[in-house]
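Chain residues, written in single-letter form:
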Amino acid sequence: GSDADMRTFHTALYHSLIMPSRFSDVDGRYRGMDGEVHTTDFDYLTDLSLWDTFRTLHPLWILAYPEHQRSTLHSLVRMQADGGSLPRWPLGHGYTGGMVGSPAQQLFAESYLKGLDGWDPEAAYNAAIPASFGTQPNVQRAGIDAYLTEGYVTAEASGQSASKTLEYAWSDHAMSLWADAMGRTDDAATLASASQAWRHLWSPEYGFFISHYADGTPVWSDDRQFDWTEDFTEGNAWHYVWGVPYDVQGLIDVQHDGDRDAFMARLTEYWDEVADEEDDLLPDDYYWHGNEPVMHYAYLASLAGERDLSAEAARWVMRNRYNDTPLGLDGNDDSGTLSAWFVLSAMGLFPVAGTADYALGSPLFERVEIDREDGSQWVVRAPGVSDDAIYIDSATVGDTPIEGGVFTHDQWAAGDLVL
């Protein structure tokens, strides 16, 4: 990589370690979510921007800073014990209720599925499962009753119902994988069914996920694809059109009747529009990298088995939304979320949060080494990569060829990722 790439990479790495905040004192005391003073033997963390950070920051921490991830998991369990519920966005010793979804569930599930040790999965599972079943005493999923009875958050039940349904479904998918891995088969089946809620929101008429009333009628009455409507949280229809990274084949089936070529054609046209759109101070209409719901879009092609377009898209975002100047971020870093995106993407990969999967992109460096706490190194090698050679012609992880665009955490544990 270039000197500028190295500066941007290490700046991003630094930014990914600024938040959250250590809230326990040197003697282990901290003020809990109940307002009382408690004592612990781990670093109690707060100011967790979970709706942002579950997508990139915490997957990076599992890889490179497991001690911080453990502290986060311990802290979340303690917050539930002290305050009665898992938080979405804890600030100091209070529940803010900020943003939507229940993203702490993805943190727990992904940590378990990737084999992180040194925490209590049973206690964490018992703390996390009430959010899915609507039994948390506070910080409840808005519209949860409709989600459980109708299969989605209806427009009558809550504002931003399209975003909430997509977020709840993603969390429930992660919970279903975790439950299955822990042998809780009944929960796994229930959660897997709930994770299909996003299918109810698809509108063939408009070609977007949009809010629906309880009788199945879509809320839209005209073409509002660029409007910030009550359907969505901080975004428009384009920002949520592919909000199901854990089931891209399902997206292809629902949106294009299983026609992968049609899916790729729309995705290609989308990236053409992204490249043509002026980058100004306002949120971008198509791809707004300064906010979280689109952060996996560059990797959709790889998740569909077509990694060349992901190489182009990921490289485009790195070159057009990051640099080594004071203007080198595309908006609020959101507790290191944008920076962690760059660190991971510069390595040529992107995690599907709440799972053990990674999608391939386009690495910037010929070699990246991650020092693991057991003394081993996890390595990415990309000999010959440059701005003139962005495509991954062949890929192996350990001794296993990667035929499409996805590999797993366990595969990477077996040997170097070679791109």
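Predicted model only: the values in this text are computed from it and were never measured. (Residues numbered from 1 in each chain as written. Predicted model: local features only at pLDDT ≥ 70, side-chain atom pairs only at ≥ 80, totals over all residues. Heavy atoms only, no water.)

Novice: What's the story with the overall build of the protein in this structure? I'm lost.
Specialist: Secondary structure assignment for the protein yields 15 helices and 16 strands. Here the protein has a C-alpha radius of gyration of 21 Å; the compact-globule value for 419 residues is 22 Å, and the two agree. Expressed as lengths along the three principal axes of its C-alpha atoms, the size of the protein is roughly 55 × 55 × 45 Å. Put simply, the protein has 419 residues, and 57% of those count as buried. The long-range share in the protein, meaning contacts at least 24 apart out of those at least 6 apart in sequence, stands at 66%. Total accessible area on the protein stands at roughly 16300 Å², and carbon and sulfur atoms take up 47% of it. In the protein, the 23 positive side-chain charges and the 68 negative ones have mean positions that sit 6 Å from each other. (Helix = DSSP H or I, 4+ residues; strand = E, 2+ residues; numbered from the N terminus. Rg over C-alpha atoms; globule rule 2.2 N^0.38 Å. Buried < 20%, exposed > 50% of the residue type's maximum accessible area, 1.4 Å probe, protein only. Contact = heavy atoms within 4.5 Å. Areas by Shrake-Rupley, 256 points an atom, 1.4 Å probe, with all protein chains shown as cover. Lys, Arg positive; Asp, Glu negative; His and termini not counted. Charge placed at Lys NZ, Arg CZ, Asp CG, Glu CD.)

Novice: What's the story with unusual backbone geometry in this structure? I'm lost.
Specialist: Peptide bonds are trans in most cases, and residues, glycine excluded, mostly fall at negative phi. Looking along the chain, the bond that leaves Met19 and enters Pro20 is cis, with omega of 5°. Here Pro20 shows up in the loop between α1 (3-15) and β1 (21-22). Positioned with a positive phi, Met99 is a non-glycine residue whose angle comes to about 65°. With respect to the element layout, Met99 can be found in the loop between β6 (94-95) and α5 (104-113). Look at Met99 and you get partly exposed, because its relative accessible area is 24%.

Novice: Please clarify how the packing of aromatic side chains should be interpreted in this entry.
Specialist: Counted under the stated rule, the structure contains 38 aromatic pairs. Ring centres of Phe108 and Trp119 lie 6.1 Å apart, and the angle between their planes is 20°; this geometry places the pair in the stacked category. Note that Phe108 is positioned in helix α5 and Trp119 in the loop between α5 and α6 (121-133), a separation of eleven residues in sequence. Residues Phe108 and Trp119 agree in their burial class; the two are buried. Note on Trp242 and Tyr297: the rings are 5.5 Å apart at their centroids and 75° apart in plane angle, and the pair reads as edge-to-face. With Trp242 in the loop between β8 (208-209) and α10 (248-256) and Tyr297 in the loop between α11 (260-276) and α12 (300-303), this residue pair connects regions lying 55 residues apart in the sequence. Trp242 gets classed as buried once you look at its relative accessible area, which sits at 0%. With a relative accessible area of 0%, Tyr297 lands in the buried category. Arg266 extends its terminal NZ or CZ atom over the ring of Phe208, reaching a point 5.1 Å from the ring centre. The ring of Trp378 carries the charged tip of Arg372 above its face, separated from the ring centre by 4.1 Å. (Phe/Tyr/Trp six-rings, centres within 6.5 Å; stacked < 30°, edge-to-face > 60°. Lys NZ or Arg CZ within 6 Å of the ring centre and 35° of its normal.)

Novice: What's the story with the sheet that holds strand β9 (residues 349-351) in this structure? I'm lost.
Specialist: Paired through backbone hydrogen bonds, the strands of a sheet run either parallel or antiparallel to each other. The three strands are arranged β9-β10-β15 in an open sheet whose pairing can be described as antiparallel. Of all the strands in the sheet, just β9 and β15 (406-408) have a single pairing partner and so form its edges. On average, adjacent strands in this sheet sit at an angle of 35° to one another, irrespective of strand direction. One ladder, built from three bridges, connects β9 with strand β10 (residues 357-360); its direction is antiparallel. Paired with Leu349 across the two strands is Leu360, which belongs to β10. (Pairing = 2+ DSSP bridges. Axes fitted to C-alpha atoms, helices over the stretch in contact; angles between N-to-C directions.)

Novice: I would appreciate a short explanation of the nonpolar core in the present structure.
Specialist: Soluble globular proteins tend to bury their nonpolar side chains together. Counting 124 residues, the largest nonpolar core has Trp178, Trp242, Leu267, Tyr270, Trp271, Trp341 and Trp412 as the members making the most contacts within it. The leading source of residues in this core is helix α8 (residues 161-181), at nine residues. Ignoring sequence-local partners within four residues, the contact set of Trp412 consists of Leu63, Leu349, Tyr358, Ile370, Trp378, Val379, Val380, Val397, Phe407 and Leu417. (Core = buried A, V, L, I, M, F, W, Y, C linked by side-chain atoms within 4.5 Å.)

Novice: Could you clarify how one ought to interpret the side chain of Ser24 in this entry?
Specialist: Position of Ser24 relative to the elements: it lies in the loop between β1 and β2 (29-31). In this structure the side chain of Ser24 is engaged in a polar contact, spanning 3.0 Å, whose partner is the backbone nitrogen of Tyr44. Apart from the residues lying within four places of it in its own chain, the contact partners of Ser24 are Arg29, Tyr30, Phe42, Asp43 and Tyr44. (Polar contact = N/O pair within 3.5 Å; in protein donor to acceptor, adjacent residues only side chain to side chain.)

Novice: Where do I start with the pairing of strand β12 (residues 377-381) in this structure?
Specialist: The side chains of a regular strand alternate, residue by residue, between the two faces of the sheet. With five bridges connecting them, strand β11 (residues 367-371) and β12 associate as antiparallel partners. In the strand pairing of β12, Ile370 is matched with Trp378. Once β11 ends, the chain turns through five residues before running back antiparallel as β12, passing Gly375 with a positive phi of about 95°. In this structure, β12 lies alongside strand β16 (residues 417-418), joined through two bridges in parallel fashion. If you follow Arg381 over to β16, its bridge partner there is Val418.

Novice: Honestly, the pairing of β10 in this entry has me stumped. Any pointers?
Specialist: Joining the antiparallel neighbours β9 and β10 is a turn of five residues, in which Gly354 adopts a positive phi near 85°. Judged from the three bridges that link them, β10 and β15 form a sheet pairing that is antiparallel. Following the sheet pairing, Tyr358 is matched in β15 by Phe407.

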